[in-house]
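Each chain, letter by letter, is given below.
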Amino acid sequence: MSDFDYDLIVIGAGSGGVRAARVAASHGAKVAVAEEFRVGGTCVIRGCVPKKLYVMASRFADDFEDARGFGWQVGETRFDWATLVAAKEKEITRLSGLYEQTLGNAKVELIRARATIAGPNAVHFSDGRTARARYILVATGGAPVLAPHVPGLEWGLSSNEIFDLPTFPQRLLIVGAGYIAVEFASIFTRLGSQVALAYRADLPLRGFDDDLRSRVAEALTGAGVIHHPGALPTRIDKSAGGYRATMSDGETREVDALLIATGRRPLTQSLGLERAGVATRENGAIIVDAQSRTNVPSIYAVGDVTDRINLTPVAIREGHAFADSVFGNAPTTVNYDCVASAVFTTPELGTVGLTEADAMKDFPALDIYETSFRPMRATLSGRAERVYMKLVVDGASQRVLGAHIFGPEAGEMAQLVAIPMRMGATKQDFDATMAVHPTAAEELVTMRSPARRHRR
């Protein structure tokens, strides 16, 4: 008789954990998934899915305005926050149910309880029982970090709460400059809020190509967002009309709500990792090898809890690779080259590969191609919006090292251009590809002369 109750216990029913559980079960493993909240994880419940729904809602503000340039007579419009929140909730509830259905169809047991690691092969559940598993997979994701630690920080909201505010904030201060901060700044300003964005650096989106960063900042300003670069709150006080934020640049802002979007950290606190001897980094991230295995042979981890590339599709790929490797007799590692990503501001940003600054560090010769133009829609709407595209090319081999796009549907374009880039496409391959006209994407294959060259 086996000493184990399960072949695999997955802690966390987010995208990575659900994929790993389903695939492991398809290989014949007896699998259980423990989840203390709702099935679907950050992405489905309080992350990318509801965020994208809110992005879509916010873009109707521009659509109504632009329609007039195309002959439409648009009457008075009014946005209702409660309607959007309810519609969002209905959709994520549907998606969470589909995730549960997927687990059920795969014969995976769903344990609705908080799980903690009790040993290399043991998991304790908050319902009082303990189970033993041949393998344990930690897929608990991440959680918001509220910073800086100043008086009154407890009045701030994280991205977990901003989706479900009981009333719409007419005045909103957002602290931070990453994905979450700029996306919500773009969303709320279009929905009708007066938005201020405070961040430590001179430009938002640290780590992205500088030409995209500056254009995102300009677009947010054009939409009405007030910037506080190099400034953060020094204290937050409750006031008669809401909250008063005192800023390090000497200004004060009266607001109805504050969104603290200063990053996320791996969700490993009180998980019991130390009882099993699992090694972690200073920020709590679980240290894993190329196969997602920890220093304890029976314990693995995938997704944001490992702090590798914190994107949902990456967690899904890691979960699938883990299940194939451990239960499918098909050793698989994840290739992290050319991972495309998007920032859903309006206009949005799509990017793949190296930034110009990073490529300059690693390649002695670079050719930089770029173009900027008005999208066709703007020619009739009268909007001042412009599209920007850049290709970073190795001057020696002519391989395309990076593609950076700012404009409508940039995320869609980044997904597609990642395929040839991962295959090692050269600038000549792009040049030889027939354009689809009239599209914005055709500009990716019609840039002929470098805007600048770097040689060292």
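Procedures and definitions
- Residues numbered from 1 in each chain as written.
- Predicted model: local features only at pLDDT ≥ 70, side-chain atom pairs only at ≥ 80, totals over all residues.
- Heavy atoms only, no water.
- Helix = DSSP H or I, 4+ residues; strand = E, 2+ residues; numbered from the N terminus.
- Rg over C-alpha atoms; globule rule 2.2 N^0.38 Å.
- Buried < 20%, exposed > 50% of the residue type's maximum accessible area, 1.4 Å probe, protein only.
- Contact = heavy atoms within 4.5 Å.
- Lys, Arg positive; Asp, Glu negative; His and termini not counted.
- Charge placed at Lys NZ, Arg CZ, Asp CG, Glu CD.
- Pairing = 2+ DSSP bridges.
- Axes fitted to C-alpha atoms, helices over the stretch in contact; angles between N-to-C directions.
- Expected span 1.5 Å × (residues − 1).
- Phe/Tyr/Trp six-rings, centres within 6.5 Å; stacked < 30°, edge-to-face > 60°.
- Lys NZ or Arg CZ within 6 Å of the ring centre and 35° of its normal.
- Parallel < 35°, antiparallel > 145°, perpendicular 65-115°, else oblique.
- Left-handed = near helix turned anticlockwise from the far one by under 90°.
- Core = buried A, V, L, I, M, F, W, Y, C linked by side-chain atoms within 4.5 Å.

Undergrad: Help me understand the overall build of the protein chain in this model?
TA: Scanning the protein chain from N- to C-terminus turns up 13 helices and 22 strands. On C-alpha atoms alone, the protein chain measures out to a radius of gyration of 24 Å, which is about the 23 Å that the 2.2 N^0.38 rule sets for 456 residues. For the protein chain, the spread of C-alpha atoms along the principal axes amounts to about 75 × 65 × 45 Å. A buried classification covers 49% of the 456 residues belonging to the protein chain. Contacts in the protein chain between residues at least 24 apart in sequence constitute 64% of all its contacts with a sequence separation of at least 6. Looking at the protein chain, you have 50 positive and 52 negative side-chain charges, and the mean spots of the two groups are 2 Å apart.

Undergrad: So what exactly am I meant to see when it comes to the sheet that holds strand β10 (residues 226–229) here?
TA: In any sheet, the strands associate via hydrogen bonds between backbone groups, in a parallel or an antiparallel arrangement. Taken in spatial order, the 4 strands line up as β10-β9-β8-β14 in an open sheet, and their pairing is parallel. Each edge of the open sheet carries a strand with a single partner, namely β10 and β14 (257–260). Across this sheet, the average inter-strand angle for adjacent strands is 15 degrees, counted without regard to direction. When strand β8 (residues 171–175) meets strand β9 (residues 194–199), the two strands line up parallel, connected through 5 bridges. By the bridge assignment, Leu172 is partnered in β9 with Val195. Those strands touched by helix α6 (residues 179–191) are β8, β9 and β14, and its axis lies near 165 degrees from that of β9.

Undergrad: Sorry if this is basic, but what is going on with helix α1 (residues 15–26) here?
TA: An α-helical turn contains 3.6 residues, so a residue and the one three or four places further along point in the same direction. Over its 12 residues, α1 extends 17 Å from the first C-alpha to the last, a length consistent with the 16 Å expected when each residue adds 1.5 Å. Counting buried positions along α1 gives 9 out of 12 residues, so the element sits mostly inside the fold. For α1, every residue scored as buried is listed here: Ser15, Gly16, Gly17, Val18, Ala20, Ala21, Val23, Ala24 and Ala25. Of the surrounding elements, those touching the buried residues of α1 are β1 (6–11), β2 (31–34), α2 (41–46), α4 (81–105), β6 (130–138) and α9 (312–327). Positive phi shows up at Gly28, right after α1, with a value of about 100 degrees.

Undergrad: Would you explain the packing of aromatic side chains in this entry?
TA: Two measures describe an aromatic ring pair: the distance that separates the ring centres and the angle between the ring planes. Counted according to the given criterion, the structure contains 15 aromatic pairs. Between Tyr54 and Phe163, the aromatic rings sit 5.4 Å apart at their centres with planes inclined by 65 degrees, giving edge-to-face as the arrangement. In this pair, Tyr54 is assigned in helix α3 (residues 48–67) and Phe163 in the loop between α5 (159–162) and β8, connecting sequence segments 109 residues apart. The same class applies to Tyr54 as to Phe163, namely buried. Each member of the aromatic cluster is reached from another via a ring pair, and the members are Tyr54, Phe79, Trp81, Phe163, Phe168, Phe184 and Phe188. One residue, Lys30, lies across the ring of Tyr6, its end atom 5.3 Å from the ring centre. The ring of Tyr388 is capped by Arg215, whose NZ or CZ atom sits 3.7 Å from the centre of that ring.

Undergrad: I'm lost on the packing of α3 against α6 in this one. Help?
TA: In a packed pair of helices, the relevant descriptors are the angle between the two axes and the axis-to-axis distance. Where α3 contacts α6, the axes come no closer than 8 Å and their chain directions differ by 40 degrees. Taken as axis vectors, α3 and α6 run oblique relative to one another. For the element pair α3 and α6, the recorded crossing hand is left-handed. Where α3 abuts α6, its residues Lys51, Tyr54, Val55, Ala57, Ser58, Ala61 and Asp62 lie against Glu183, Ser186, Ile187, Arg190 and Leu191.

Undergrad: I'm lost on the nonpolar core in this one. Help?
TA: Generally speaking, soluble globular proteins have nonpolar side chains that are buried together. Grouped together as the largest cluster of nonpolar side chains are 40 residues, with contacts concentrated most on Trp81, Ile162, Ile174, Phe184, Phe188, Leu197 and Leu349. Among the elements of the structure, α3, α4, β8, α6, β9, α7 (210–222), β14 and β17 (341–343) are those that each provide at least two residues to this core. Here this core gets 7 residues from one element, more than from any other, and that element is α6. When neighbours within four sequence positions are excluded, Leu197 is seen to be in contact with Ile174, Gly176, Ala181, Val182, Ala185, Leu220, Val225, Ile226, His227 and His228. Among the nonpolar cores identified, the runner-up in size contains 25 residues, and Ile117, Phe125, Ala133 and Val288 belong to it.

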